[in-house]
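Take a look at the letters that make up each chain.
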Amino acid sequence: MSGKRWWWILIILFFAGTGTGLFLEFFFAGGEKQDVDLRQIEQLVQERQSALNNMLSDFSGQTLDDTELLWSKMDSVSQTGNDVLVFRNNQLIAWSNQAIPVQELHPVFLMQPFIQLENGYYLVQQIRRDPFLLVGLFRLKQSYPYQNKYLKDRFMLPAGLSPSVQIVRQKSPLYEPVYGLEGEYLFSLSNLKRRKGDDVTGGYVLAAYLLSVFALWGAFLMWLQRSRGSRWQNQRLFLAMGIYLPVYYGLFWHSGMSAFNQLELFSPIHFAASDFLPSLGALLLFSVNVLLLTFLFFRFFRWPSFLKNRESRIRQNITFLLLFLAVQGWMLYLMRHVYHLVEHSPGPAVFFKVIEINEIAIVKIAILAFLFFSFILLIEKVVRLFLFRMRRVQLCILILVSTLILAVIWGGPGYGKSDWSILFTGLIGILLALVKRDYRLHHSYNTFLWLVALFALYAGTVLIDLSIAKEESDRELLVENLSYQLLREEDPIAEMYLQDIEEQIMRDAPLRQLLAQNNINQPAVRNHLLKYYFYGYWGRYDLQIVPCWPGGNVVFEETGDVTNCYQYFFSLLRQDGHRIEGSKHFYYLSNDNGRVSFLGAFRFLRVIRSKPPFLLSYNRNPISKD
């Protein structure tokens, strides 16, 4: 069969693959998707809203006033799949789920019927019973900025809806709107499809697009081969590359790779670095594209014809120096992706135990091989162009100069602390310039052995160092988290709460009445504070209340020592106290006793000198109740 027929066959395969892939993607991709009845979704949403309202109605006034009953109710709500937040005077006092990220949100934000938080989208219903505000929530969809094997986007209602369905807050005629119980607009849905079983169509779409791009690449290869040696060869080469690159990008990246997101290789579980490289499959396609383009450059680029009659030593030296700087810059760019592969992979970067080698491990090794092979093709081409135009020693000197210039400009021998890619590129360039070749400039078997040994040494040392650095970083993060959870004597949640309640304590009239009695009933004061201020989260702390006045004394039961009340507590504040930011009365005590300690100093009844202020002392239990 003639070459022209093969060329037309490749062109037909290109259009057939492209058309088949687009047809499958837009009509079948998504695992045999079928349309979902919008009325069914609205009915399910409205039923859930009604369930939230009924749940909030079950909260009686007695339950809200009794701290123990309220937290018991919270425990029962947590088993229903719904969530409840209880506010008192705009302060969160009880919650059924600690995973709801509402610590810094004002209750006004929760008055909307539908909200988006850090971990998903929620239906919201409210009931106000002064001074309480009850907020019921149901998570409609789990949604995370980045996904892994533990955190995955999925719809909770309706079950089975594809995660690729997008929730849009703004009302638009382009999307399907969903309305609530009272006809209020909640949200809109795009690409409203339900996923049935495993998505196998994505694999067919990927195969069709791969057939298309390989056919196009083969057609360009044959076209360039036929025109090899012509005056316009370089122009043809860049034209082919200019057409091939946007086609390759358009086929695979035109929809953010949504057609393949059901395939494990294109899941962010194994790798995710950016919008351009959201998965390991995207990085594999990128490396294949780089290899195909560099092969075309290596095969068909020739010395520009306009320079043949204007060759001079200075022009040749400058040209080679600039080209080799570009090659070293290309190596830095490739190493950037190698770093991303290691840093953004949740598991082992490249090194695996034999029993752990699977398709993901093989893909990672293939990516590295494609990237490094593209580099060797590029640097070999640049050296070949000048072998018969400059002396080998002169080439080596210019390579050393290029390496020194780039190392100084870059500020180091490589892309990061774990590699020496600039020096490695210079070493490979010198090797290619000095080794013996046959009359067609082909390498000997020994040269290939040297190249393999050098690349194995470089890749091995870099990847080992990167893996060690990643492991150390992971361990440091683990130690930091453990120290934060177990060892550090701070509690930012408690500090925020203390800052919010201090003004309420100062304005508490019943508390003033209790302190105005001749004989202060300390158990009554304690119960009052526990009932209205220190409940729920504060169950992990020990509360001590000390009425104090200038002439009063403090007796230490263990030793029998007696000291002035004011002198003792205010000296304690001077030595160990650090006022909580934004607070006037609460202090954090850095007494290194292995527990989190706070001290609150409140002055009451100043007009009656015989009546005391009182001090609150909070010490966190050594074993947390989390």
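Our subject is the structure listed above.
Residues numbered from 1 in each chain as written. Predicted model: local features only at pLDDT ≥ 70, side-chain atom pairs only at ≥ 80, totals over all residues. Heavy atoms only, no water.

**Student:** Can you break down the overall build of the protein chain residue by residue, with the values?
**Tutor:** Each helix and strand in the protein chain was counted, giving 16 helices and 18 strands. Put simply, the protein chain has 626 residues, and 47% of those count as buried. Contacts spanning at least 24 positions in sequence make up 64% of the contacts within the protein chain whose residues lie at least 6 apart. For the protein chain, the exposed surface amounts to about 33,800 Å²; the carbon and sulfur share of it is 57%. (Helix = DSSP H or I, 4+ residues; strand = E, 2+ residues; numbered from the N terminus. Buried < 20%, exposed > 50% of the residue type's maximum accessible area, 1.4 Å probe, protein only. Contact = heavy atoms within 4.5 Å. Areas by Shrake-Rupley, 256 points an atom, 1.4 Å probe, with all protein chains shown as cover.)

**Student:** Requested: an account of helix 2 (residues 38–57), with residues and values cited.
**Tutor:** Under the 1.5 Å per step criterion, the end-to-end length of helix 2 is 29 Å for 20 residues, consistent within 8% with the ideal 28 Å. Here helix 2 has its buried residues at Leu-38, Ile-41, Glu-42, Val-45, Gln-49, Leu-52, Met-55 and Leu-56. Buried residues of helix 2, seen end-on, are gathered within an arc of 150° and therefore sit on one face of the element. In this fold, the buried residues of helix 2 make contact with helix 4 (67–77), strand 2 (83–88), strand 5 (120–129), strand 6 (132–142), strand 9 (176–179) and strand 10 (185–190). (Expected span 1.5 Å × (residues − 1). Arc of directions from axis to C-beta.)

**Student:** Explain the sheet that holds strand 9 to me, and be specific about the residues and the numbers.
**Tutor:** A sheet is described by the order of its strands in space; here three strands give the open sequence 8-10-9, paired in antiparallel fashion. Bordering the open sheet on either side are strand 8 (166–168) and strand 9, each of which pairs with just one other strand. Direction aside, neighbouring strands of the sheet carry axes that sit 35° apart on average. Pairing of strand 8 with strand 10 involves three bridges; the strand directions are antiparallel. Opposite Ile-167, over in strand 10, you have Leu-189 as the bridge partner. Strands strand 9 and strand 10 of the sheet are contacted by helix 2, whose axis makes an angle of about 30° with strand 9. (Pairing = 2+ DSSP bridges. Axes fitted to C-alpha atoms, helices over the stretch in contact; angles between N-to-C directions.)

**Student:** Which residues make up the side chain of Glu-380, and what values do they have?
**Tutor:** Mapped onto the elements of the fold, Glu-380 is located in helix 9 (residues 359–387). Its relative accessible area of 6% is what places Glu-380 among the buried residues. Within the local environment of Glu-380, its side chain forms a polar contact with the side chain of Arg-384, the two groups lying 2.9 Å apart. (Polar contact = N/O pair within 3.5 Å; in protein donor to acceptor, adjacent residues only side chain to side chain.)

**Student:** Could you give an account of unusual backbone geometry, naming the residues involved and the relevant values?
**Tutor:** Leaving glycine out, the prevailing phi sign among residues is negative, and the prevailing peptide bond configuration is trans. Omega for the peptide link from Asp-130 to Pro-131 comes to 0°, which places this bond in the cis form. Mapping Pro-131 onto the fold places it in the loop between strand 5 and strand 6.

**Student:** With reference to specific residues and values, describe the pattern of salt bridges.
**Tutor:** Considering all chains together, one arrives at two salt bridges under this definition. For Asp-130, the salt bridge is made with Arg-128, and the minimal N-O distance between the two is 3.8 Å. Arg-384 is paired through a salt bridge with Glu-380; the nearest N and O atoms lie 2.9 Å apart. With a gap of four residues between them, Arg-384 and Glu-380 both fall in helix 9, about one helical turn apart. (Salt bridge = Lys/Arg side-chain N within 4 Å of Asp/Glu carboxyl O.)

**Student:** Please set out the nonpolar core residue by residue, giving values where relevant.
**Tutor:** Grouped together as the largest cluster of nonpolar side chains are 86 residues, with contacts concentrated most on Tyr-244, Phe-252, Phe-320 and Ile-428. Among the elements that take part in this core, helix 9 stands out by supplying 15 residues, more than any other. Each residue touching Tyr-244, except ones within four places of it in the same chain, is listed here: Val-213, Leu-216, Trp-217, Phe-220, Asn-289, Leu-292 and Leu-293. Counting 57 residues, the second largest nonpolar core, distinct from the first, contains Tyr-497, Leu-511, Val-525 and Leu-529. (Core = buried A, V, L, I, M, F, W, Y, C linked by side-chain atoms within 4.5 Å.)

**Student:** I'd like a description of the packing of aromatic side chains, backed by residues and values.
**Tutor:** What describes a pair of aromatic rings is the distance from one ring centre to the other and the angle between the planes of the rings. Under the criterion given, the structure shown has 32 aromatic pairs. On the basis of an interplanar angle of 35° and a centroid distance of 6.5 Å, the ring pair of Phe-375 and Phe-424 is categorised as tilted. Placement of Phe-375 in helix 9 and of Phe-424 in helix 11 (residues 421–434) is noted, with a sequence separation of 49 residues between them. Each of the two residues, Phe-375 as well as Phe-424, counts as buried. Clustering of aromatic rings is evident, with ring pairs tying together Tyr-209, Tyr-244, Tyr-248, Tyr-249, Phe-252, Trp-253, Phe-276, Phe-286, Trp-330 and Tyr-333. For Lys-73, the ring lying beneath its charged end belongs to Phe-59, and the centroid distance is 5.4 Å. The cationic tip of Arg-389 hangs over the ring face of Trp-303; the distance from NZ or CZ to the ring centre is 4.2 Å. (Phe/Tyr/Trp six-rings, centres within 6.5 Å; stacked < 30°, edge-to-face > 60°. Lys NZ or Arg CZ within 6 Å of the ring centre and 35° of its normal.)

**Student:** Tell me about the side chain of His-340, and please be specific about residues and values.
**Tutor:** By the element assignment, His-340 lies in helix 8 (residues 313–343). Since its relative accessible area comes to 18%, His-340 is described here as buried. With near-sequence residues (within four places) excluded, His-340 lies in contact with Phe-271, Ala-273 and Ser-345.

**Student:** Break down a nonpolar patch on the surface for me, citing the residues and quoting the values.
**Tutor:** A contiguous nonpolar surface patch, about 450 Å² in accessible area, is contributed by Val-393, Ile-397, Val-401, Ile-405 and Ile-409. On the secondary structure map, Val-401 appears in helix 10 (residues 392–410). (Patch = residues over 30% accessible without salt bridge, like charges linked within 9 Å, V, L, I, M, F, W, Y side chains within 5 Å.)

**Student:** Can you tell me about the packing of helix 8 against helix 9, naming the residues and giving the values?
**Tutor:** With their axes 10 Å apart at the nearest point, helix 8 and helix 9 run at an angle of 175° to one another. Taken together, the axis directions place helix 8 and helix 9 in an arrangement best described as roughly antiparallel. For the contact of helix 8 with helix 9, the residue count by class is 18 nonpolar, four polar and one charged. (Parallel < 35°, antiparallel > 145°, perpendicular 65-115°, else oblique. Nonpolar A, V, L, I, M, F, W, Y, C, P; charged D, E, K, R; others polar.)

**Student:** If you had to explain the environment of Pro-510 to someone new, which residues and values would you point to?
**Tutor:** Relative to the helices and strands, Pro-510 resides in helix 14 (residues 509–515). Exposure remark for Pro-510: the relative accessible area of 43% places this residue in the partly exposed category. Along the sequence, Pro-510 and His-528 sit 18 residues apart, while their C-alpha atoms lie 8.6 Å from each other.

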